[in-house]
Amino acid sequence: MNVLGHTKVLGVFGDPIAHSLSPVMHNAAIRWLNIDYIYVPFHVLPKNLPEAIKGISAMGLAGVNVTIPHKEQVIEYLDEISERSAQIRSVNTIVNVDGRLRGDTTDGPGFIRSATAEWGKLDGCKALILGAGGSAKAVAFALAEIGCEIIVANRTRRRAVELVEGLNQVFEAGKFGAAGLSEQELIDEMPEVDLVVNTTSVGMHPDVDSIPVPPELLHPRLLVYDLVYSPVRTRLVAEAEKCGARAMNGLSMLVYQGAISFEMWTGFQAPISVMEEAIHKTLGDTRGQ
Ligand SMILES: NC(=O)c1ccc[n+]([C@@H]2O[C@H](COP(=O)([O-])OP(=O)(O)OC[C@H]3O[C@@H](n4cnc5c(N)ncnc54)[C@H](OP(=O)(O)O)[C@@H]3O)[C@@H](O)[C@H]2O)c1
């Protein structure tokens, strides 16, 4: 990679940032397309976020990703945000348009594109979303947009109810319900469901033996999408496949949300398989998977 005076700079702001896989996949795409960009990780503490955002215009960065813990807080420092970002109060992509900073979120579209690439269209399915945090919101709004019925089940029921209220304000009310994560509530919902999406951190390294639903409730007709990707094969994915269901982890969503950001910044079609390969190679190199 040849960095010259006119090379355009992209990056990611987060805290922590050292383990981000975004630089690996974006720089692989840049190299493969042979375009004059570079993608750099920036460790930005919450107290430094306003200055870091000003730095995008001041230093002429072409665009950045924003990750944990800045996705909501960043909104107040931007010139404009997309309708999608306004709905879920989250930005993961900033585009510098001649000094004006525009925020958008590619998490929801990344989820839909990755699932569709693997399983085909999900339009109109009945989904159970486990969790009601930031990624649950992105997934829920994206599924609602393609006409899905949704149950949001969360440990803290109040947050599930709030998410459903948000959905009811934007989409046709009556298609969304809230629940807790108790076994009885899951037993009531599971037989009706086509798609289960885990957006909780349950099962994430080092908590690898945990599973967000009792495995005996899984059934072969399910599509199971676990947003967790560390470990690459979560217990939820393993149990779902064991019972004959189709399952995938969150690596593909990571790639597709990055690919959509990449296309917003550069105008080039992102080379998905190149980005995937770069991530798998890095995970293989660093985590022995
Ligand atoms: N693949 C991707 O591209 C991608 C993108 C975004 C996120 N993710 C993954 O998705 C997960 C959630 O991220 P987020 O940003 O949505 O986090 P978040 O906003 O902090 O939400 C965390 C959610 O997990 C639930 N939770 C946490 N510990 C739990 C436990 N022990 N039992 C039951 N529920 C529990 C929380 O429930 P309460 O409300 O009760 O606390 C909440 O609903 C993380 O593992 C993250 O790595 C992956």
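All values derive from a computational prediction rather than experimental measurement.

Now for the packing of aromatic side chains. Describing an aromatic ring pair means giving the distance of the ring centres and the angle of the ring planes. With the rule as written, the count across this model stands at 6 aromatic pairs. Ring geometry for Phe13 and Phe42: centres 5.5 Å apart, planes at 90°, overall edge-to-face. Placement of Phe13 in strand E1 (residues 8-14) and of Phe42 in strand E2 (residues 37-43) is noted, with a sequence separation of 29 residues between them. A relative accessible area of 4% places Phe13 in the buried class. Here the aromatic rings of Trp119 and Tyr225 are separated by 6.0 Å at their centres, their planes lie at 90°, and the arrangement is edge-to-face.

This part takes up the site of the ligand. Taken together, 21 residues sit near the ligand, with Ser135, Asn154, Thr156, Arg159 and Gly250 positioned nearest. Measuring from an oxygen atom of the ligand, one finds a backbone N or O atom of Ala132 at 2.9 Å. Note that a nitrogen atom of the ligand is positioned 2.9 Å from one of the backbone N or O atoms of Gly250. Taken by itself the ligand offers 930 Å² of open surface, and the protein chains cover 75% of this. The set of elements that each furnish at least two residues to the shell around the ligand consists of helix H5 (134-145) and helix H9 (251-266). Broken down by class, the residue content of the shell around the ligand amounts to 9 nonpolar, 10 polar and 2 charged.

Regular strands place side chains that alternate from one sheet face to the opposite one. Here strand E3 (residues 63-66) shows two buried faces, one formed by Gly63 and Asn65 and the other by Val64 and Val66. Where E1 meets E3, 4 bridges bridge the pair, whose relative direction is parallel. Bridge pairing in E3 places Gly11 opposite Val64.

Next up on the list: the environment of Ile272. Mapped onto the secondary structure, Ile272 falls in helix H10 (residues 272-287). A relative accessible area of 17% places Ile272 in the buried class. Residues within four places of Ile272 in sequence aside, it is in contact with Val255, Tyr256 and Ala259.

Ordered in space as E2-E1-E3-E5-E6-E4, the 6 strands form an open sheet in which the pairing is mixed. In the strand order of this sheet, the two ends are held by E2 and strand E4 (80-81), each with one partner. Two elements, E1 and E2, share 7 bridges in a ladder whose sense is parallel. Its bridge partner lying in E2, Leu10 is registered against Tyr39. Of the strands in this sheet, E1, E3, strand E5 (93-97) and strand E6 (100-104) touch helix H2 (residues 49-59), which is tilted by about 35° from E5. Sheet contacts for H9: E1, E2, E3, E5 and E6; angle to E5, the most-contacted strand, approximately 5°.

Our next topic: unusual backbone geometry. With omega at 10°, the peptide bond leading from His205 into Pro206 counts as cis. By the secondary structure assignment, Pro206 is in the loop between strand E10 (195-198) and strand E11 (223-226). A cis amide bond, omega 10°, links Ser230 with the succeeding residue Pro231. Of note in this structure, Asp98 is not a glycine but carries a positive phi near 50°.

Quick notes on the rules
- Residues numbered from 1 in each chain as written.
- Predicted model: local features only at pLDDT ≥ 70, side-chain atom pairs only at ≥ 80, totals over all residues.
- Heavy atoms only, no water.
- Phe/Tyr/Trp six-rings, centres within 6.5 Å; stacked < 30°, edge-to-face > 60°.
- Helix = DSSP H or I, 4+ residues; strand = E, 2+ residues; numbered from the N terminus.
- Buried < 20%, exposed > 50% of the residue type's maximum accessible area, 1.4 Å probe, protein only.
- Near = heavy atom within 4 Å.
- Polar contact = N/O pair within 3.5 Å; in protein donor to acceptor, adjacent residues only side chain to side chain.
- Areas by Shrake-Rupley, 256 points an atom, 1.4 Å probe, with all protein chains shown as cover.
- Nonpolar A, V, L, I, M, F, W, Y, C, P; charged D, E, K, R; others polar.
- Pairing = 2+ DSSP bridges.
- Contact = heavy atoms within 4.5 Å.
- Axes fitted to C-alpha atoms, helices over the stretch in contact; angles between N-to-C directions.

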